Amino acid sequence: MTHFAHFDLEELKVVYRALHAHLMDHIELMDTDFFTDLQSWLQHVAAQQGVDVSVHADWDAWLGNETVSCAVRIADRVVADVRETR
């Protein structure tokens, strides 16, 4: 996870926001080591800076996203079928 330490934090946030915004288009990203390690690293750094990453509004604000209420966040929620098709 510390392999992200030498990258600029703001650039990592941009990459994470871009990937996260397109997860529904590329659901396979959710299971990649890169995405999960990046998310874990960012959550680690955020927590070191005093952010409670379990509070979505705080996590979003730290990432640089627009903060919206939970009601707005879930209004357009789609349940993804992640079962493998054969």
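Above this text you will find the structure in question.
About the thresholds
Residues numbered from 1 in each chain as written. Predicted model: local features only at pLDDT ≥ 70, side-chain atom pairs only at ≥ 80, totals over all residues. Heavy atoms only, no water. Helix = DSSP H or I, 4+ residues; strand = E, 2+ residues; numbered from the N terminus. Contact = heavy atoms within 4.5 Å. Phe/Tyr/Trp six-rings, centres within 6.5 Å; stacked < 30°, edge-to-face > 60°. Buried < 20%, exposed > 50% of the residue type's maximum accessible area, 1.4 Å probe, protein only. Core = buried A, V, L, I, M, F, W, Y, C linked by side-chain atoms within 4.5 Å. Polar contact = N/O pair within 3.5 Å; in protein donor to acceptor, adjacent residues only side chain to side chain. Axes fitted to C-alpha atoms, helices over the stretch in contact; angles between N-to-C directions. Parallel < 35°, antiparallel > 145°, perpendicular 65-115°, else oblique. Nonpolar A, V, L, I, M, F, W, Y, C, P; charged D, E, K, R; others polar.

Before going further, it helps to spend a moment on the side chain of K13. Note on placement: K13 falls in helix α1 (residues 9–21). Once residues lying within four places of it in the same chain are set aside, the contact partners of K13 are L42, W62 and L63.

Turning our attention to the packing of aromatic side chains. Throughout the structure, instances matching the rule amount to 4 aromatic pairs. With 5.4 Å between their ring centres and 10° between their planes, Y16 and F35 make a pair best called stacked. Pair noted here: Y16 is in helix α1 and F35 is in helix α2 (residues 33–48), with a separation of 19 residues, a long-range link. Pair check on accessibility: Y16 and F35 agree, each one buried. Here Y16 and W59 contribute two aromatic rings whose centre-to-centre distance is 5.9 Å and whose plane-to-plane angle is 70°, an arrangement assigned as edge-to-face. Note that Y16 is positioned in helix α1 and W59 in helix α3 (residues 56–63), a separation of 43 residues in sequence. Classification of Y16 as buried rests on a relative accessible area of 2%.

Residues L12, Y16, L38, L42, W59, W62 and L63 are the most contacted members of the largest nonpolar core, which totals 15 residues. For this core, the secondary-structure elements that each account for two or more residues are α1, α2 and α3. Broken down by element, this core gets its largest block of residues, 6 residues, from α2. Setting aside residues up to four positions removed in sequence, W62 forms contacts with L9, K13, L42, V45, A46, Q49 and V51.

With that out of the way, let us pick up the environment of E10. Within the element layout of this structure, E10 appears in helix α1. Using a relative accessible area of 47% as the deciding quantity, one classes E10 as partly exposed. When the C-alpha positions of E10 and G64 are compared, they lie 9.0 Å apart, and in sequence the two are 54 residues distant.

A few words on the environment of H6. Looking at where H6 falls in the secondary structure, it is placed in the segment before α1. At 3.1 Å, the side chain of H6 and the backbone oxygen of H3 are in polar contact.

The next thing to look at is the packing of α1 against α3. Two numbers describe how α1 lies on α3: the axes approach to 10 Å, and their chain directions differ by 120°. Between α1 and α3, the interaxial angle falls into the category oblique. Counting all contacts with α1, which are made through L9, K13, Y16 and R17, the residues of α3 involved are W59, W62 and L63. By residue class, the composition of the contact of α1 with α3 is 5 nonpolar, no polar and 2 charged.

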